[in-house]
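# Breakdown of the fold
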Amino acid sequence: MRGLLVLLTALLALTACSDDEADVPEIPQLPIPDMGKAPSTGDQWGGGPLAEPLSFHEVREVQHGACDPADKLAVEDKEGGSCLVLKPAAFVVDTVDRARTVQVNGQWQLQLRLTADDAAEFRQLTARAAQEQDPRNRVAVVFGERELLVAPAVQQPVTGRTLAIAGPFQRADLDELLERMGG
C-alpha cells in the first residue's frame, strides 16, 4: 500500500468529473451509520470529516534525489526519484461530501466530491497553476503530513466538485486508501 502513495506524476491524472457524473456508473449507496467511518467494503463512503487533511499545494521546484527531512514543504516523489518543494498549502480539505472508488474505461480511480467552498478554492488554484510553466504548473495533493498522492501538471482550470485521482491502481489499494481517509 505504501508504494501506492508514491506515484509517478506522468502516469497519474487529477481531473474534474462533471457534477452530474453521467459518464461514471453509479455505485449503489451503502448504509453508513457513522458518516466519519468508511464502510468495510471500501467501495463508497458517504463523506464527512477526513481522518487526516488533504492539502493542496503549488509546486515551487523539483530537485533530484531525496528531500531534506527538515524541510516541511518538501515531499518525495519516490517513483520519479525526486523531491517536490511546495509552496505553503493554498487550502486544506478536512471534509468531503462523498468519496468512492470506481472503474472508468478499465482504470480504477478514487473520486472525491469536494464541498462547494473547497471546489471554488481548487478552481482558483488550478487557474493560477495553468498560467505557469513546468514545474510550477503542477498541483500537489498531500494526505496528512507528507504523503504525496499526486502532483499532476495543470493545463487549464479544473471546474466541478468531483475530483478523480487515477493511475495504475488496483482496486484493493484504492479501497484501503479510502478506508484510511475515512478514518
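I will try to describe carefully the structure that is included in this document. Computed from a predicted structure; not experimentally measured. The residue numbers shown here count from 1 along each chain, following its written sequence. Only residues with pLDDT of 70 or above have their local features reported here, since the model is predicted, and side-chain atom pairs are shown and tallied only from 80 upward, although totals for entire chains, interfaces and linings are computed over all residues. Hydrogen atoms and water are omitted, and side-chain values are computed over all heavy atoms in the structure.

### A look at the packing of aromatic side chains
- A pair of Phe, Tyr and Trp rings is counted when the ring centres sit within 6.5 Å of each other, with Trp represented by its six-membered ring. The angle between the planes then sorts it: under 30 degrees is stacked, over 60 is edge-to-face, the rest tilted. Enumeration according to the criterion identifies three aromatic pairs in this entry.
- Between the aromatic rings of F56 and F91, the centroid separation amounts to 4.6 Å while the plane-to-plane angle is 5°, which identifies the pairing as stacked. Pair noted here: F56 is in strand β3 (residues 48-64) and F91 is in strand β6 (residues 91-104), with a separation of 35 residues, a long-range link.
- Here the aromatic rings of F91 and F122 are separated by 6.5 Å at their centres, their planes lie at 70°, and the arrangement is edge-to-face. Pair noted here: F91 is in strand β6 and F122 is in helix α2 (residues 116-130), with a separation of 31 residues, a long-range link.
- Residue class for F91 comes out buried when judged on its relative accessible area of 7%.
- Exposed residues in this analysis have more than 50% of their type's maximum accessible area, buried residues have under 20%, and partly exposed residues fall in between, with area computed by a 1.4 Å probe over protein chains only. Residue classification places F122 among the buried residues on the basis of a relative accessible area of 1%.
- In textbook terms, an aromatic cluster arises when at least three aromatic residues are bridged by ring pairs, as seen for F56, F91 and F122. Secondary structure elements are defined from DSSP: runs of H or I of at least 4 residues count as helices, runs of E of at least 2 residues count as strands, and each element is numbered from the N terminus.

### Overview of the pairing of strand β4 (residues 74-77)
- Here β4 runs beside strand β5 (residues 82-86); their pairing, made up of four bridges, is antiparallel. Each bridged residue has a counterpart across the sheet, and for V75 the counterpart in β5 is L84.
- Connecting β4 to the next strand, β5, in antiparallel fashion are four residues, including G81 with a positive phi near 65°. A pair of strands is treated as paired once DSSP finds two or more bridges between them.

### Here's the deal with helix α3 (residues 171-182)
- Across its twelve residues, α3 extends 16 Å between first and last C-alpha, which sits within 8% of the 16 Å expected from 1.5 Å per residue.
- Taken together, the buried positions of α3 are occupied by L174, D175, L177, L178, M181 and G182. With its buried residues spanning 160° around the axis, α3 presents them on a single face. What a helix should span is 1.5 Å times the count of its residues minus one. Note that the arc is defined by the directions from the helix axis to the C-beta atoms.

### A look at the nonpolar core
- To form a nonpolar core, buried Ala, Val, Leu, Ile, Met, Phe, Trp, Tyr and Cys residues must be joined to one another through side-chain atoms within 4.5 Å. L54, F56, V93, L110, F122 and M181 are the most contacted members of the largest nonpolar core, which has 30 residues in total.
- Those elements that provide at least two residues to this core are β3, β6, β7 (107-114), α2, β8 (139-143), β9 (147-150), β10 (162-166) and α3.
- In this analysis, two residues are considered to be in contact whenever any of their non-hydrogen atoms come within 4.5 Å of each other. Contact partners of M181, with chain neighbours within four places excluded, come to W45, P49, L50, A51, L54, L110, L112 and F143.
- Counting residues in each nonpolar core, the second largest holds eight residues, with V59, V75, V142 and A151 among its members.

### Things to note about α2
- Taking 1.5 Å of rise per residue, the 15 residues of α2 would be expected to cover 21 Å, and the 21 Å separating its terminal C-alpha atoms lies within 8% of that figure.
- All buried positions along α2 are accounted for by D118, A119, F122, L125, T126 and A129. Burial along α2 is one-sided: seen end-on, the buried residues are contained in an arc of 125°.

In short, geometric facts, not functional conclusions.
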